[in-house]
Amino acid sequence: MSDMYRDLILEHHRYPHNYGTLDPHDVSQEEHNPLCGDRIRLDLRIVDGKIAEVAFSGKGCAVSQAAASMLTDELIGMELDAARAYNKADILELIGLPLDKNPVRLKCALLSLKAMKVGLYRYLGQQLDAEELD
Amino acid sequence: MYTPPFDIAAVRRDFPILQLPIEQPVAFLDSASSSQKPEAVIAAQAAFYRTTNANVHRGVYQLSEQATYEFERARSRVALFINAHSAREVIFTRNTTESINLVAHSWGGTNLRPGDVILISQMEHHSNIVPWQLLAQRTGAVLRAIPINGSGRLDLDTIDTLLQGVKLVAVTHVSNVLGTINPISFLAQKAHSVGALILVDGAQSVPHMPTDVQAMDIDFLAFSGHKMLAPTGVGVLWGRKALLDAMPPFLGGGSMIKTVTIEASTYADVPARFEAGTPMIGEAIALGHAIDYLTGIGMANIAAYEEILGQYLLDQLAEVPGVTVYGPPIGPERAAMASFTVDCAHPHDVAQVLDSEGVAVRAGHHCTQPLHVALDVPSTARASCYLYNTTDDIDRLVVGLRKVTKLFA
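To keep things clear, this report deals only with the structure shown in the data block. (Residues numbered from 1 in each chain as written. Chains lettered and ligands numbered in written order. Predicted model: local features only at pLDDT ≥ 70, side-chain atom pairs only at ≥ 80, totals over all residues. Heavy atoms only, no water.)

### Re the overall build of chain A
- Broken down by element type, chain A carries five helices and three strands.
- Each helix and strand of chain A, ordered N terminal to C terminal, gives the series α-β-β-β-α-α-α-α.
- A compact globule built from 134 residues would reach a C-alpha radius of gyration of about 14 Å, and chain A, at 15 Å, matches this within 12%.
- Referenced to the eigenvectors of the C-alpha coordinate spread, the extents of chain A come out at roughly 55 × 25 × 25 Å.
- Out of the 134 residues in chain A, the part that is buried amounts to 45%.
- If you take every contact in chain A between residues at least 6 apart in sequence, the share linking residues at least 24 apart comes to 61%.
- Carbon and sulfur atoms make up 50% of the accessible area of chain A, which totals about 6800 Å².
- Charge-centre separation for chain A: the mean point of 15 positive side chains lies 9 Å from the mean point of 22 negative side chains. (Helix = DSSP H or I, 4+ residues; strand = E, 2+ residues; numbered from the N terminus. Rg over C-alpha atoms; globule rule 2.2 N^0.38 Å. Buried < 20%, exposed > 50% of the residue type's maximum accessible area, 1.4 Å probe, protein only. Contact = heavy atoms within 4.5 Å. Areas by Shrake-Rupley, 256 points an atom, 1.4 Å probe, with all protein chains shown as cover. Lys, Arg positive; Asp, Glu negative; His and termini not counted. Charge placed at Lys NZ, Arg CZ, Asp CG, Glu CD.)

### Topic: the overall build of chain B
- Within chain B one finds 14 helices and 15 strands.
- Along the longest, intermediate and shortest principal axes, the C-alpha atoms of chain B span 70 × 55 × 35 Å.
- Within chain B, the fraction of its 409 residues that count as buried is 56%.
- In chain B, the share of contacts with a sequence separation of at least 24, taken over all contacts with a separation of at least 6, comes to 70%.
- Here chain B displays about 16000 Å² of accessible surface, and carbon together with sulfur accounts for 55% of that area.
- Side chains of chain B give 28 positive and 38 negative charges; the mean places of these two sets differ by 4 Å.

### What to know about the interface of chain B and chain A
- Between chain B and chain A, the residue contacts involve 16 residues of the former and 19 residues of the latter.
- Here chain B packs against chain A, burying approximately 1300 Å² in sum over the two surfaces, 58% of which is carbon and sulfur.
- Per-residue buried area on chain B facing chain A is highest for His348(B), Gln352(B) and Leu407(B); these three make up 38% of the total on that side.
- If you look at where chain B meets chain A, you find one salt bridge.
- Here Arg105(A) makes a salt bridge to Asp349(B), at a shortest N to O gap of 2.9 Å.
- Applying the counting rule to chain B against chain A returns seven residue pairs in polar contact (both at pLDDT 80 or more).
- Residue assignment for the side of chain B that touches chain A shows that the elements contributing at least two residues are helix H12 (347-356) and helix H14 (391-408) of chain B.
- Counting residues per element, the side of chain B that touches chain A draws most heavily on H12(B), which supplies five residues. (Buried area = accessible area lost by both parts, 1.4 Å probe. Salt bridge = Lys/Arg side-chain N within 4 Å of Asp/Glu carboxyl O. Polar contact = N/O pair within 3.5 Å; in protein donor to acceptor, adjacent residues only side chain to side chain.)

### What about unusual backbone geometry?
- In this structure, the amide linkage connecting Asp23(A) to the following residue, Pro24(A), adopts the cis form with an omega of 0 degrees.
- With respect to the helices and strands, the residue Pro24(A) is situated in the loop between helix H1 (7-14) and strand E1 (27-33).
- The omega torsion across Val270(B) and Pro271(B) is 5 degrees, close enough to zero to call that bond cis.
- The topology assignment puts Pro271(B) in the loop between strand E10 (265-267) and helix H10 (281-297).
- Its identity is not glycine, yet Asp48(A) carries a phi of approximately 55 degrees, on the positive side.
- As for its placement among the helices and strands, Asp48(A) is situated in the loop between strand E2 (38-47) and strand E3 (50-59).
- Residue Asp48(A) is classed as exposed on the basis of its relative accessible area, which comes to 75%.

### Points about the sheet that holds E3(A)
All names here are of chain A.
- The strand order across the open sheet formed by three strands is E1-E2-E3, and the pairing between neighbours is antiparallel. Looking along the sheet, the strands with just one partner apiece sit at the ends: E1 and E3. The mean inter-strand angle of the sheet, taken between neighbouring strand axes irrespective of direction, is 15 degrees.
- In the sheet, E1 pairs with E2 via seven bridges, with the strands oriented antiparallel. Across the sheet, the residue bridging to serine 28 is aspartate 43, located in E2.
- Its contacts with the sheet place helix H2 (residues 62-75) against E2 and E3, and it is angled at close to 170 degrees to E3. (Pairing = 2+ DSSP bridges. Axes fitted to C-alpha atoms, helices over the stretch in contact; angles between N-to-C directions.)

Here it is, written out as structure tokens:
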């Protein structure tokens, strides 16, 4: 238990960072985990190829909410290429939980990453479309 | 002082997993998901592979004859256990889900016309919802659900209206979330009064109480071996012989035929018609031994003991601040399980903290998303009991829950 619910996880769960929504936003993506009903919405504002602002909202377990909170701190100021490359190993290192043998909770930890990836790739796709029209 | 109707300590010794690990044996409160297995069942399956292994219904050599004999004896044990007319009414499947799919494909595909209604309920497991949705899409039939009331029971006030146009009622005997025990005999009588058939999902009832398909006057019963001390991979569909005789095959292949030419085939009689391919022989034989174990203790004794455990569980949960239990209040017609939420913590977090205390419960929607919509919670934690649980397991659950509230408050 001490491993799973380190003070840091509980702290982010109680007092999440960057909680809320952005309006306007360049990216807004909601993902949910049908297994447990966890929901994460991630909003990004993108300026000059960097993530300028981030907000998340949602409901769910301590692991999904704390991971989202920690991820938002990481994302602020990040280049889009770096955000694209950000992966599962990075999240696990960030939250410091040994979830490799716990596939159910791994899904919780990765929910915000999934929202970021899906939203970002859609944004990049839209950028490509826009360039074609130019 | 309450005296259980059988020796619980002796029963617990029969289950190897309940002895492990030595320092802190698991308080296993997830039998509604899958039960633990006694040594007698584990040994029976191993003995089959060590001494009797061969395919069934094929060889004329001694091993195959012995395997066939034991496989068919398991079928007879199942038939006796649920008071079927005949062992020919017992079809071995993989599990409850496959049993329901078999009826949906075979009976449903033949007998339903556009506009016909299949009546299920709001508290069904996905396995008793999705096969009917797929069938409705194929046939143009319509799916309708009996709602539940505020106390977690089927709302039967409008049952006569709900039954209009119904050709099949498919309901669970015991809710895998609420623990509600549904009035199956009443529903069977209602279904038959409008000329409909009734299929009962017995996954949560057959392991825990005496089952009599004739007394309930039902048409189909589906259940799983792995929730009643048997291995995974074996389940049962029971159906009235006349209905099964009139149904076309579900899966095609070996064993289920009489004659095959390149152009066409004729099909075997039931139950072989519905058992295409090599079946789960060792698992079915082990199911027979699980039934021997359960009947050795007595299903009425198990039901009586679980009623006491269930009441204790609800009493104890009521004492933990911030815990909300769903389903009917303490009393009869309620199985020994409780799905609950804790104010300050998500069910996954609850289950994780309990796990660190050696208490195994399930968290999630338990394959009942429509029910959780009705309950207006995304997910719950569930503690469920079986014959090997004790009040000590429940006490450990409560200690764990107090840790949860302390950690997350």
